[in-house]
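Structural overview
For reference, the chains in residue letters:
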Amino acid sequence: MLITAPVLLKPNERMQMMEIELDEPGFGEVRVKMVATGVCHSCLHAYDGSHTGIPMPIVLGDEGSGIVDAVGEGCNNLKPGDHVIISWAPDCGACKYCALGFPSLCLNTPPIGKMAGGTTRFHHQGQDVYHYGPATYGPYIIVPEAGAVWVRPDFPLEVAALIGCSVTTGFGAVVNSAALRAGQSVAIFGCGGVGLNAVQGAVATGAYPIIGVDVLDSKLELAREFGATHTINPTKQDLFEEVMRLTGHGVDATIIAVGATNAMKQGLDILAKQGVEVVLGLPGTGQTFPVDPALLMSGERRIVGSRYGSSNPMVEFPKMVELAMAGKLKIEELVTKRYDLDEADEAFRALAAGEQARGLIVF
Ligand SMILES: [Zn+2]
Ligand SMILES: [Zn+2]
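First things first, this report covers the structure right here in the doc. Keep in mind that this is a model prediction, so the values were computed, not measured. (Residues numbered from 1 in each chain as written. Chains lettered and ligands numbered in written order. Predicted model: local features only at pLDDT ≥ 70, side-chain atom pairs only at ≥ 80, totals over all residues. Heavy atoms only, no water.)

1. Focus on the pattern of salt bridges
To keep it simple, the criterion reads: By convention in these notes, a salt bridge is any Lys or Arg side-chain nitrogen within 4 Å of a carboxyl oxygen on Asp or Glu. Buried means the residue's accessible area, taken with a 1.4 Å probe over protein chains only, is under 20% of the maximum for its type, while exposed means over 50%, and partly exposed covers the values in between. The numbering of helices and of strands both runs from the N terminus, where a helix is a DSSP run of H or I of at least 4 residues and a strand a run of E of at least 2.
One pass over the structure, following the stated rule, counts 16 salt bridges. Among the ionic pairs, Arg 152 bridges to Asp 154, the shortest N-O distance being 2.8 Å. We classify Asp 154 as partly exposed; its relative accessible area is 47%. With a shortest N-O distance of 2.6 Å, Arg 245 and Glu 242 are connected by a salt bridge. Residue Arg 245 and its partner Glu 242 are both found in helix 7 (residues 239-247); the two are separated by three residues, about one turn of the helix. Residue class for Arg 245 comes out exposed when judged on its relative accessible area of 59%. One network of salt bridges, in which partners are shared, links Glu 24, Arg 31 and Asp 69.

Following this line, the structure appears as structure tokens:
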């Protein structure tokens, strides 16, 4: 099949709309006709070159939804016509972490840019074109069957795309990674696509106060709309003083949904005893932040990483859909702007400028 997709040839250059060949689905693989894809910060890292080691040419996109179009041999669960949300962490089904229900920690994750087995499904003039995870900017994509999660057909498939990364990552960071309990306090750094879903996760757990932290007032306004009870703009207010005023002795959890190492440092400084800092945002390759061990030891504070919200997409995606259908999770409200596929560069510019909660490319 021939498809036309935006291809990144070099970081910091506009993507080229190119006609590329798509293989037929192989054993255990499905072809998905994409309906929508979210514009995620991790792809922006590849696009602007702040993450190194990404093979090119590459089709980006790690958050999407679509309709199963064809299935290869050996597929047992999906059939053409099924509505699916794409997971960027397909279960290898064999390793320890997949067995534990954490496919994002799979020991058999293929090298970046490739499918399991080290090959690609996209080609151009005899040359491989790489996949950024599932490469959801392709109008048709090939993924392992475990990378396409069935969802009920009466849920709006377009916005379901966001469940594939930002919703599950943000919500899960609070509910799974921080394991926040009712009445505990939380500060969420970065109130964009992922952070707003962390706010929603905090609301779902019954946390209080839920403090949104961002350098943009427009993002703080959004945080309040999604359920933050308080907001702090650290460029205008003293973050530490304000948190102590609200909580007395610090917050029980900080969720760092921004790839800024200074936020990671600040998030640690405002933690209460036995508090946990959850690191979600990814800074540029090689950036670090200083940690005072006394702060960890004296108050039994913890720093944990969170990947895909410590979730199992096969379980969590249908759950997110149910919560959204019950009115307990806002999804459509996350979409700031819809784009055509050939406007992906503009969507990245707007994301980098902090202009959106989530941009959604609709096929
Ligand atoms: Zn993502
Ligand atoms: Zn595995």
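2. A closer look at the coordination of the zinc ion (ligand 2)
The test is simple: Distances decide who is a donor: an N, O or S atom must be within 2.8 Å of the metal, or within 3.2 Å for Na, K and Ca. Water is not included, so sites may look incomplete. For a four-donor site, all angles between 85 and 135 degrees give tetrahedral; for four or six donors, opposite pairs above 155 degrees with the remaining angles between 65 and 115 give square planar or octahedral; all remaining cases count as irregular.
Protein coordination at the zinc ion (ligand 2): the donors are Cys 92 (SG), Cys 95 (SG), Cys 98 (SG) and Cys 106 (SG), at 2.3 to 2.4 Å from the metal. One can describe the site at the zinc ion (ligand 2) as tetrahedral: its four donor atoms subtend angles covering 102 to 115° at the metal. Summarised as a motif, the one-chain spacing of the donors to the zinc ion (ligand 2) is C-x2-C-x2-C-x7-C. Given the relative accessible area of 6%, Cys 95 is considered buried.

3. Thoughts on the sheet that holds strand 2 (residues 16-22)
What counts is decided by this rule: Here, a strand pair is defined by DSSP locating no fewer than two bridges between the strands.
Taken together, the five strands give an open sheet; going across it, the order is 1-2-7-8-4, and neighbouring strands pair in mixed fashion. Strands at the two margins of the open sheet, each flanked by one partner only, are strand 1 (2-7) and strand 4 (58-59). Bridge count between strand 2 and strand 7 (residues 122-124): two bridges; the pairing is antiparallel. Bridged to Glu 21 within strand 7 is His 123.

4. Points about the packing of helix 1 (residues 41-48) against helix 11 (residues 344-352)
What counts here: Axis definition: a line fit to C-alpha positions, over the contact stretch in the case of helices; interaxial angles, taken between N-to-C directions, run 0 to 180 degrees. Here is the rule for angles: anything less than 35 degrees is roughly parallel, anything more than 145 is roughly antiparallel, 65 through 115 is roughly perpendicular, and the remaining ranges are oblique. In what follows, a contact means two residues having at least one pair of non-hydrogen atoms within 4.5 Å.
Direction vectors running N to C along helix 1 and helix 11 enclose 105°, while the axes themselves pass 10 Å from each other. Taken together, the axis directions place helix 1 and helix 11 in an arrangement best described as roughly perpendicular. Contacts between helix 1 and helix 11 involve His 41, Cys 43, Leu 44 and Tyr 47 from the former and Asp 345, Phe 348, Leu 351 and Ala 352 from the latter.

5. A few points about the coordination of the zinc ion (ligand 1)
Around the zinc ion (ligand 1), the donor atoms from the protein are Cys 40 (SG), Asp 62 (OD), Asp 62 (OD) and Cys 165 (SG), and they sit 2.1 to 2.7 Å away. One can describe the site at the zinc ion (ligand 1) as irregular: its four donor atoms subtend angles covering 50 to 127° at the metal. In primary-sequence terms, the residues that donate to the zinc ion (ligand 1) follow C-x21-D-x102-C. Placement of Asp 62 in the loop between strand 4 and strand 5 (64-71) and of Cys 165 in the loop between helix 3 (157-160) and helix 4 (166-177) is noted, with a sequence separation of 103 residues between them. A relative accessible area of 5% places Asp 62 in the buried class. Judged by relative accessible area, which is 6%, Cys 165 ranks as buried.

6. Structural notes on the sheet that holds strand 16 (residues 302-305)
In space, the six strands of this open sheet follow the order 13-12-11-14-15-16, with parallel pairing throughout. Edge positions in the sheet fall to strand 13 (230-232) and strand 16, since each of these pairs with one other strand and no more. This sheet shows a mean twist of 20° between the axes of neighbouring strands, independent of strand direction. Here four bridges tie strand 11 (residues 186-189) to strand 14 (residues 251-256), and the two strands are oriented parallel to one another. In the strand pairing of strand 14, Ala 187 is matched with Thr 254.

7. Examining the packing of aromatic side chains
This is how the line gets drawn: Here a Phe, Tyr or Trp ring, Trp counted by its six-membered ring, pairs with any other such ring whose centre lies within 6.5 Å, and the pair is stacked when the planes are under 30 degrees apart, edge-to-face when over 60, and tilted otherwise.
One pass over the structure, following the stated rule, counts four aromatic pairs. On the basis of an interplanar angle of 25° and a centroid distance of 4.4 Å, the ring pair of Tyr 47 and Phe 348 is categorised as stacked. Of this pair, Tyr 47 sits in helix 1 while Phe 348 is found in helix 11, placing the two residues 301 residues apart along the sequence. Each member of the pair, Tyr 47 as well as Phe 348, is classed as buried.

8. A look at helix 7
The criterion, for reference: Directions from the helix axis toward the C-beta atoms define the arc. Side-chain atoms alone can form a polar contact between residues adjacent in sequence; in general such a contact is a pair of N or O atoms within 3.5 Å, and within protein one must be able to donate a hydrogen while the other accepts it.
Within the span of helix 7, buried status applies to Leu 239, Glu 242, Val 243 and Thr 247. For helix 7, the buried positions fall inside an angular range of 115° around the axis, keeping them on one side. In helix 7, the exposed residues that point more than 90 degrees away from the buried face are Glu 241 and Arg 245. On the buried face of helix 7, the contacting elements are strand 11, strand 12 (210-213), strand 13, strand 14 and helix 8 (261-269). N-capping of helix 7 is provided by Asp 238, with a side-chain oxygen placed 3.1 Å from the backbone N of Phe 240. In the segment just after helix 7, Gly 248 is the residue with positive phi, at about 90°.

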